[in-house]
Amino acid sequence: MQKEIVIVGLNHRSAPIEVRESVAFENGYVRDALVRLRGYPAVQESVILSTCNRVEVVAAVSDTETACHELKTFLDEQRAGHGASTLEDHLYTFRGADAVRHLFRVAASLDSMVVGEPQILGQLKEFYDAARQAGTVGTVLHRLFHRSFFVAKRVRTETGIASRAVSVSSVAVDLAKRIFDSFDDKNVMLIGAGKMGDLMARQLQRSGVKSLMVTNRTFERAVAVAERIHGSPILFEDFPRYLKMADLVIGCTGSPEILVDAPAVEKVLRERKQQPMFFIDIGDRRNFDSAINDIDNAYLYNIDDLKEVAEENLQERSNEAQKAEEIVVQEVENFGRWIGSLERVPTIAALRAHFDEIRRRELARSLSGNLKDLSSEQRQAMDDMTAAMINKMLHGPISHLKKDAPEEDEEEVRFIAALKKLFDLEGK
Amino acid sequence: MDIILLKATAVLYLLATASFVFYVLVRDTASRLPTLVLLAGFLLHTSALSVHFLQEGYPAVTQFHQALTFKSWLIVALYLVIQIKYRLPVLGAIVTPVAFLMTLAAFAFGAASGELPPGLKTYWLPVHFTLAFLGNAVFALAFAVSLIYLLQERGLKHKKMTALLKRIPSLEALDRLNYQLLVWGFPLMTLGILTGSLLARIYWGDYWTWDPRQISSGIAWLFYGALLHGRITAGLRGKKAAILTMFGFCVVLGYFLWGETLFPSRHGGRFE
C-alpha cells in the first residue's frame, strides 16, 4: 500500500507562544505520545518534534484524509486540560512533496525564528532517535529524516547561512572574540539563574573559558545552576568583591534594580589594571548601568543590542537563504524520485505473489491428482522446476520495474498501471 | 640599475596595495596573494638597495629621498615579520600603500645635494641610521596597529558588526602587539639617539648641541618613555594607549616632514 508523508503542526509563525507552550511536550518527552500515535490506524510511521518554536508530527500514512484528521485530534488531545479554544486555527498541514519540502527547510534552519540557527538540526536528530527507539520509524521516515540531515549539511557547507552568528548567545560569543584573544585564561561571572544566562554560560564554556562563577540571590539556586554548568557558586553579597576577577559578566536576573553601576566598574577596572571587561545584560530588566559602555575598556551589550546584531546578520544572509532554498528544491525532487521508485516495490511483490499463488495451486492439484505417485525427491524437483519457470518468465518485467527510472515519466506510470490491471494486482 | 629595480619595486608595491585593498576591504576573504606580491616587491627593493651599496660602496640613506625609500623598506620588512606571526592583512592594507607612496615620493624628490661629505663616512653613521630608522619603522607600525585597534574599539562601542571587524584581531591581541612594538621600538630609538649624540660629538664637537633634530628626538623619546612607563606600571592600555601611540608617531613624522624647514638642522638626510 502506498504511503504518503504528512506533517501536521504549528510553529512560531502560526501560533503565539501560549498556544505553542500548551501543546509542547514536557522536556521534549515524546515516547508515550509516540506509543499513543501507534493506536491511530491510518498513521503508519511517526516522528514528533517539540521545541520552543514548533510542535509537529511528521507521519507516513496510508489514508491521508483520515490521518490528517487523526493527527489533529491527537494534538488537540495533547492540549487537553490547557485551554478550551480550538487548535485548528493555528495548525498547518503539509502533504507529499510539500511535507518533504517543509521538513527539509526545518532541518536546514530556513524555517527557524532566527534563520540559520544551528540548534534545530541537533533537536531534529534527537526527536528522530526517540521515535526510532519507540519503534515508530519505518522505511519512509527513516529515509526522509536521513535525507533532511543531508540537506542541512549541504546547506551549511554550500551556503554562508551558518557562518554568521544567529542566536543571541552566539552573537555574544562572536563579540567576546573581538574583545578577547583567547578564552582559556578568562573567567566568567553569571549573575542570576535565568535560562538565557544559563544558555550563554554554556556556550562560553564550549568556547573554552577558564572558569565560571555563579551567583544568585537565593544561594541554593546558584549552587544548583553552578552544578549544572560546572561553575563555582558564590554568595550574592560577595559578588562585587569577585567582580575584578571576571572578564565576562553576564547579568540575567529579573531584578528591577541596577546590580552593577558605572562607578563600580571604574573601580574594578582600576583594580585589574584596565584589563577589558565584557558585560552582557540579558535579564528581563536592565541589570547593568548603561553608562558602563562609556567607560574605557568596558563593553556593555544588552539583549536588544545582541538581537539587533543578530537581526543585521539575518539581513545580510538573505542571499544565502535564497541559495539554500534552491538546494531544498533540488533535494525535494530527488526525494520524490525515490518515493516514486518505492511505489514499484509493492507492484513487484504483488506480481510475484500472484504468479506464485497460481503455481502452488496448480502444482498442488497435479501432485494430488495424476502425479500422486511421485517420490518426495521428484515432488521437490517439480516444485523447484515450476519456481524457476516463474522466475524466468517474470525476469524481464521485474528487472524493468527495478530499474531506477530517471524521471517519473508518463510511460513508466502507464506501464505500472497496465501491469496492475492485466494481472489484477490492485488491492492485493 | 638600482633606479630601474626601485621603479619595479614601486610597481609591485602598487600591485600589493591593490590586492590588499581588494581582498581585505572589497572581497573580504583570506588570501595569501597580497602578502606574496608584497614579498616579491620587498625582494626587489632589497636587491635595489644592495645594488646601490655595491656600486657606491655606501648605503643609500644620506639624502631625504634615500632615507624615505630605506624607511619604506624597513617598514615592509617589519610588516612581513608581523604577518608571519600574527596574520594581520588589515595592517598590510594600511602599511603597503604607505610604503608605495614613500617609494614614489623618493622619485619625486630625486637627488638634491651631491656627495656625502667625506668626513662623515664612518662606521658609526650606518649603525646610527639603521637603529634610528628601525625605531621609526617600529613606531610607524605601532601607529597602524593603534589605528586598527581604534577601528575595532569603535565598532564594539557603537555595536557595529561587519565582516571586516570580525576578521580584525581582537582588542586584546592588538593591544598586546601594540605593547610589544613599543617595547621593541623604545630601546631602538634610545640607541638611535645615543649613537646620534656620539656622532654629534665627533662632527659637531659635543654630545648634546641643542640641534633641533636632537631636541625633537628627545621630546619623542620622553613621550614614548612615559607611554611605556604608564603601560608597565599604571595599567595604561587600550584606547588611551592607542591614541597616545598615534600621537607620538605624529610628532616624529611631523618633524621629519616639516620640522627642519622651520628649524634648520645640521642633521643629514633631511627634506630640501
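This text follows the structure it describes.
Residues numbered from 1 in each chain as written. Chains lettered and ligands numbered in written order. Predicted model: local features only at pLDDT ≥ 70, side-chain atom pairs only at ≥ 80, totals over all residues. Heavy atoms only, no water.

### Things to note about the interface of chain A and chain B
Part 1 of the argument: Across the boundary between the two partners, chain A contributes 31 residues, which contact 24 residues of chain B.
Part 2 of the argument: Counting every contact that joins chain A to chain B gives 4 salt bridges.
Part 3 of the argument: With a shortest N-O distance of 2.9 Å, E172 of chain B and K186 of chain A are connected by a salt bridge.
Part 4 of the argument: Applying the counting rule to chain A against chain B returns 17 residue pairs in polar contact (both at pLDDT 80 or more).
Part 5 of the argument: Elements that contribute at least two residues to the side of chain A that touches chain B include exactly α7 (168–179), β10 (298–302) and α12 (303–316) of chain A.
Part 6 of the argument: It is α7 of chain A that contributes the most residues to the side of chain A that touches chain B, 5 residues altogether. (Contact = heavy atoms within 4.5 Å. Salt bridge = Lys/Arg side-chain N within 4 Å of Asp/Glu carboxyl O. Polar contact = N/O pair within 3.5 Å; in protein donor to acceptor, adjacent residues only side chain to side chain. Helix = DSSP H or I, 4+ residues; strand = E, 2+ residues; numbered from the N terminus.)

### A few points about the sheet that holds strand β5 (residues 187–191) of chain A
All names here are of chain A.
Part 1 of the argument: What the 6 strands build is an open sheet, ordered β7-β6-β5-β8-β9-β10; its pairing is parallel. The two strands at the open ends of the sheet, each matched to only one other strand, are β7 (232–235) and β10. Pairwise comparison of adjacent strand axes, ignoring direction, gives a mean angle of 20 degrees for this sheet.
Part 2 of the argument: In this structure, strand β8 (residues 248–251) lies alongside strand β9 (residues 277–281), joined through 4 bridges in parallel fashion. Looking at the pairing, V249 lines up with F279 of β9.
Part 3 of the argument: Sitting on the sheet, α12 touches β9 and β10, and the angle it makes with β10 is about 75 degrees. (Pairing = 2+ DSSP bridges. Axes fitted to C-alpha atoms, helices over the stretch in contact; angles between N-to-C directions.)

### Section: the sheet that holds strand β2 (residues 43–50) of chain A
Residues and elements named next belong to chain A.
Part 1 of the argument: Here we have 4 strands laid out as an open sheet, ordered β2-β3-β1-β4, and antiparallel in their pairing. Where the open sheet ends on each side, the last strands, each with one partner, are β2 and β4 (92–95). Neighbour-to-neighbour, the strand axes of this sheet turn through a mean angle of 15 degrees, independent of strand direction.
Part 2 of the argument: When strand β1 (residues 4–11) meets strand β3 (residues 54–61), the two strands line up antiparallel, connected through 8 bridges.

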